[in-house]
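Listed below are the residues making up each chain.
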Amino acid sequence: MEYFKNVKTINYEGANSDNPLSFKHYNPSEVIDGKPMKEHLRFAVAYWHTYQARGVDPFGAGTAVRPWDDISDPMDLAKAKMEANFELCEKLQVPFFCFHDRDISPEDKTLSETNKKLDTIVSYAKELMKTSGVRVLWGTANAFSNPRYMHGAATSCNADVFAFAAAQVKKAMEATKELGGQNYVFWGGREGYETLLNTDMKLELENYARFLQMAVDYAKEIGFEGQFLIEPKPKEPTKHQYDFDTATVIAFLKTYGLDKHFKMNIEANHATLAGHTFQHELATARINNMFGSIDANQGDMLLGWDTDQFPTNIYDTTLAMYETIKAGGFTSGGLNFDSKPRRASFTPEDLFYSHIAGMDTFAKGFKIAHKMHNDGKFEAFMKNRYSSYNSGIGKEIVSGKADFKALEKYALKIDDIASSSGNQEMLEGLLNQYILGGNSN
Ligand code: XLS
Ligand code: CA
Ligand code: CA
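Residues numbered from 1 in each chain as written. Chains lettered and ligands numbered in written order. Predicted model: local features only at pLDDT ≥ 70, side-chain atom pairs only at ≥ 80, totals over all residues. Heavy atoms only, no water.

Before we move on, could you go through the overall build of the protein chain and cite the residues and values that matter?
Scanning the protein chain from terminus to terminus reveals 16 helices and 14 strands. Considered along the principal axes of its C-alpha atoms, the protein chain spans approximately 80 × 60 × 45 Å. Across the 441 residues of the protein chain, 49% fall into the buried class. Nonlocal contacts in the protein chain, meaning residues at least 24 apart in sequence, comprise 75% of its contacts between residues at least 6 apart. Here the protein chain has roughly 21,100 Å² of accessible surface; of this, 53% comes from carbon and sulfur atoms. (Helix = DSSP H or I, 4+ residues; strand = E, 2+ residues; numbered from the N terminus. Buried < 20%, exposed > 50% of the residue type's maximum accessible area, 1.4 Å probe, protein only. Contact = heavy atoms within 4.5 Å. Areas by Shrake-Rupley, 256 points an atom, 1.4 Å probe, with all protein chains shown as cover.)

Encoded structure:
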């Protein structure tokens, strides 16, 4: 059955097209640097926002109108959404989707009943994959929605909850492997705290590390070769989330000897909540060899919560793709639209308009970033800015030869330090030139 009857396959029609159901910048087969754009960008649809979200907010019920609204049996509904997923991805020319276990299949009274249902849906998705090229970018477990996780999952004060979460993640990893998922994501849903008056932070962090180590061991045992990703977020739902930002997660992984098993899944809106730019989080991952994947969205600078909006800010996508290119591009990762249309954008067609806007903004950002990287003007400026470390005393500092005494001896002889301008506004003007035309394509 066709779910999105008003929409045909979305094609590239070029920047001047008047057709809102077309790509203006995303041309999947356009070859850039020896690879088609679809392989550079590796777009993915997020199952939870696209098929589960109803537009609920704290002040009102859901508004969404969806083609599966009349289906009441939970398993029929789960199957219908899976069929709709393949149709939507194919029509959007999106090669991947991402899911939580509970997005694709409903929770039942007991874990074994829930697992049986998940098996049924996983087999059904596998069946649909036989006639579709759409694949899984990553899977994950929803260990935060059910009330049992009110105190967290791996960081719960209750050992039974820790055990339940372990069983759930074990099963979600098996499902991800079965569906050929290229990565498995850990987002610490409620791994954090509300008050230190009742929280043993040391035990919680140690348990969290134990949990991740068990996951690493189990992946090895079952031969899951996908990449493990960890997704930082500073707050929401808890006041303090342990995976605060990329630097915090890297320090945590290193503290517990887990760093070689993980890379980062960086979400733009989470960067904003942590008080960082998206580019900062990506750069932090890159310089630590932990760049993995991206949750593509944007927040609202005037609101302090996780609004998960479709990314339409060309500055952000350009700089995100610039970092991605500098990191060597995606390997197992990609651009997952962890984004939802606004509550008043309630029609099925809005699911398409929103993805098209996000895909075009990233495609254009990628093209601009590619040109910036190829031209090398920013890199050359930066290289020159640090050139004092290439010879003389600078070379001695970076090669580890200099010590405090040697530097004092040197400093005592300096009469005048020659500073040069950082030229920030000149560089911002240059970035504008790339984005607004001129030097861009
Ligand atoms: C929530 C997170 C979540 C993860 C997957 O804020 O973004 O959706 O990406 O569990
Ligand atoms: Ca996310
Ligand atoms: Ca988010």
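Moving on, there is more to tell.
Break down the site of ligand 1 for me, with residues and values.
Taken together, the neighbourhood of ligand 1 is formed by W48, H100, W138, W187, E231, K233, E267, H270, D295, D306 and D338. Between ligand 1 and D306 there is a distance of 3.1 Å, counted from an oxygen atom to a side-chain nitrogen or oxygen. Calculation on ligand 1 without its partners gives an accessible area of 290 Å², and the protein chains cover 93% of this total. Here the shell around ligand 1 is composed, by residue class, of three nonpolar, two polar and six charged. (Near = heavy atom within 4 Å. Polar contact = N/O pair within 3.5 Å; in protein donor to acceptor, adjacent residues only side chain to side chain. Nonpolar A, V, L, I, M, F, W, Y, C, P; charged D, E, K, R; others polar.)

A description of the packing of helix α11 (residues 314-326) against helix α16 (residues 424-436) should follow, citing residues and the corresponding values.
For any two helices packed against each other, the geometry comes down to the angle between their axes and how far apart the axes lie. In contact at an axis separation of 11 Å, α11 and α16 are set at 100° when each is read in the N-to-C sense. On the basis of their axis angle, the class for α11 and α16 is roughly perpendicular. In contact with I314, Y315, T318 and L319 of α11, α16 contributes L431, N432 and I435. The residue inventory of the contact of α11 with α16, partitioned by class, reads five nonpolar, two polar and no charged. (Axes fitted to C-alpha atoms, helices over the stretch in contact; angles between N-to-C directions. Parallel < 35°, antiparallel > 145°, perpendicular 65-115°, else oblique.)

Which residues make up the pattern of salt bridges, and what values go with them?
The tally for this structure, following the rule as stated, stands at 20 salt bridges. Two residues, E127 and K130, come together in a salt bridge whose shortest N-O distance is 3.4 Å. The salt bridge involving K233 is made with E236; its shortest N-O contact spans 3.4 Å. Residues participating in the shared-partner salt-bridge network are D101, R102, E107 and R148. (Salt bridge = Lys/Arg side-chain N within 4 Å of Asp/Glu carboxyl O.)

Go over the packing of aromatic side chains, please, and point to the residues and values.
Summed over the entire model, instances satisfying the criterion amount to 26 aromatic pairs. Judged by centre distance (6.2 Å) and plane angle (40°), the ring pair of F97 and F99 falls under tilted. Exposure remark for F99: the relative accessible area of 1% places this residue in the buried category. A connected cluster of aromatic rings, assembled from ring pairs, spans F4, Y47, Y51, W68, F86, F97, F99 and F352. (Phe/Tyr/Trp six-rings, centres within 6.5 Å; stacked < 30°, edge-to-face > 60°.)

I'd like a rundown of the coordination of the calcium ion (ligand 2), residues and numbers included.
E231 (OE), E231 (OE), E267 (OE), D295 (OD) and D338 (OD) make up the full set of protein donors to the calcium ion (ligand 2), lying at 2.1 to 3.2 Å. For the calcium ion (ligand 2), all donor residues lie on one chain, and their spacing in sequence is E-x35-E-x27-D-x42-D. (Donors = N, O, S within 2.8 Å, 3.2 Å for Na, K, Ca; no water.)

Which residues make up the coordination of the calcium ion (ligand 3), and what values go with them?
E267 (OE), E267 (OE), H270 (NE2), D306 (OD), D306 (OD) and D308 (OD) make up the full set of protein donors to the calcium ion (ligand 3), lying at 2.1 to 3.0 Å. One can describe the donor arrangement at the calcium ion (ligand 3) as irregular, given that its six donor atoms subtend angles of 46 to 157° at the metal. All donor residues of the calcium ion (ligand 3) come from one chain, and their arrangement in sequence is E-x2-H-x35-D-x1-D. (Tetrahedral: all angles 85-135°; square planar, octahedral: opposite > 155°, others 65-115°.)

Provide a residue-level description of the sheet that holds strand β8 (residues 183-187), including the pertinent values.
Strand order in the closed barrel formed by eight strands is β5-β6-β7-β8-β10-β12-β13-β14, and the pairing between neighbours is parallel. Recorded for the sheet is a direction-independent mean angle of 30° between the axes of neighbouring strands. (Pairing = 2+ DSSP bridges.)

Talk me through the side chain of T199; I want residue IDs and the actual numbers.
Locating T199 in the fold gives a position in the loop between β9 (192-193) and α7 (201-222). Look at T199 and you get buried, because its relative accessible area is 14%. Residue contacts for T199: discarding those within four places in its chain leaves Y193, E204 and Y242.

Explain the environment of T272 residue by residue, including any values.
Locating T272 in the fold gives a position in helix α9 (residues 268-273). Judged by relative accessible area, which is 28%, T272 ranks as partly exposed. As a C-alpha pair, T272 and G223 span 49 residues in sequence and 36 Å in three-dimensional space.

Describe in detail helix α12 (residues 348-375), supporting the description with residues and values.
An ideal rise of 1.5 Å per residue puts 40 Å on 28 residues; α12 measures up with 41 Å between its terminal C-alpha atoms. Extensive coverage of α12 is indicated by the burial of 22 of its 28 residues. Of the residues one or two after α12, G376 is the one with positive phi, at around 70°. (Expected span 1.5 Å × (residues − 1).)

For the pairing of strand β6 (residues 96-100), give the residues involved together with the corresponding values.
Within β6, five of the five residues are buried, leaving the element largely enclosed by the surrounding structure. Along β6, one buried face is formed by F96, C98 and H100 and the opposite face, lined by F97 and F99, is buried too. Sheet topology note: the strand β5 (residues 43-46)/β6 ladder contains three bridges and is parallel. Counterpart to A46 in the pairing with β6 is C98. Sheet topology note: the β6/strand β7 (residues 135-140) ladder contains five bridges and is parallel. Considered in β7, the bridge of C98 is made with W138.

So what's going on with the side chain of S105? Residues and values would help.
Note that S105 resides in the loop between α4 (101-104) and α5 (111-129). Within the structure, S105 has its side chain in polar contact with the backbone oxygen of K117 (distance 3.4 Å). From its side chain, S105 meets the backbone nitrogen of L118 in a polar contact 3.3 Å long. Contacts of S105, omitting those with residues within four sequence positions, involve K117, L118 and I121.

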